[in-house]
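Here is how the chains run, residue by residue.
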Amino acid sequence: MMTGAFMLFSFISLSCYGLIAQSAKGFLTGGQGMKWFHRVTGGLFVSMGLGYCHLKARLNSRS
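Scope of this entry: the structure provided in the associated data block.

Scoring rules and cut-offs
- Each chain has its residues counted from 1, following the order in which its sequence is written.
- Residue-level local features of this predicted model are given only where pLDDT is at least 70; pairs of side-chain atoms are given and counted only at 80 or more, and the full residue set underlies all totals for whole chains, interfaces and linings.
- For side-chain calculations, the full set of non-hydrogen atoms in the structure is used, while hydrogens and water are omitted.
- A run of H or I in DSSP counts as a helix once it spans at least four residues, and a run of E counts as a strand once it spans at least two, with each numbered from the N terminus.
- Taken over C-alpha atoms, the radius of gyration is set against a globule rule of 2.2 Å times the number of residues to the power 0.38.
- Buried means the residue's accessible area, taken with a 1.4 Å probe over protein chains only, is under 20% of the maximum for its type, while exposed means over 50%, and partly exposed covers the values in between.
- Per-residue and other accessible areas follow the Shrake-Rupley method at a 1.4 Å probe size, with only the shown protein chains counted as cover for residues.
- Take the number of residues in a helix, subtract one, and multiply by 1.5 Å to get its expected span.
- Two joining distances apply to patches: 9 Å for like charges and 5 Å for nonpolar side chains (Val, Leu, Ile, Met, Phe, Trp, Tyr), and every residue must have over 30% relative accessible area and no salt bridge.
- By salt bridge we mean one thing: a side-chain nitrogen of Lys or Arg within 4 Å of a carboxyl oxygen of Asp or Glu.
- Whether two residues are in contact is decided by their heavy atoms, any of which lying within 4.5 Å being enough.

### Details of the overall build of the protein chain
Item 1. Within the protein chain, the secondary structure is distributed over 2 helices and 0 strands.
Item 2. For the protein chain, whose C-alpha radius of gyration is 20 Å, the value lies well above the compact-globule estimate of 11 Å for 63 residues.
Item 3. Along the three orthogonal principal directions, the C-alpha set of the protein chain runs to about 50 × 45 × 5 Å.
Item 4. Counting over 63 residues, the protein chain shows a buried share of 2%.
Item 5. Carbon together with sulfur atoms contributes 74% to the accessible area of the protein chain, which is approximately 5,900 Å² in total.

### Observations regarding helix α1 (residues 2-28)
Item 1. The terminal C-alpha atoms of α1 lie 38 Å apart, and with 27 residues this matches the ideal 39 Å at 1.5 Å per residue to within 8%.
Item 2. Sparse coverage of α1 is indicated by the burial of 0 of its 27 residues.

### Notes on a nonpolar patch on the surface
Item 1. Judged by side-chain polarity, F27, W36, V40, L44, F45 and M48 come together as a nonpolar surface patch covering roughly 690 Å² of accessible area.
Item 2. Sort the elements by how many residues they give to the nonpolar patch and helix α2 (residues 31-62) lands first, with 5 residues.
Item 3. By the element assignment, W36 lies in helix α2.

### Considering the environment of M34
Item 1. In this structure, M34 sits in helix α2.
Item 2. A relative accessible area of 31% places M34 in the partly exposed class.
Item 3. For M34, the residues in contact, after removing those within four places along its chain, are F27 and L28.

This is the structure in structure tokens:
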């Protein structure tokens, strides 16, 4: 019973993922969409790097 429920939820989840990916394909193939995608993902990576540096500095100041 639980395996069947897991398979059902997994199928629904993957189907939704496929539908979202299909709609994102249209957005990302255009020039403006790709430009914004690069801006957002670049900003996220810069933020994660700065957050890591801040965390490392806080951990080093405690010891």
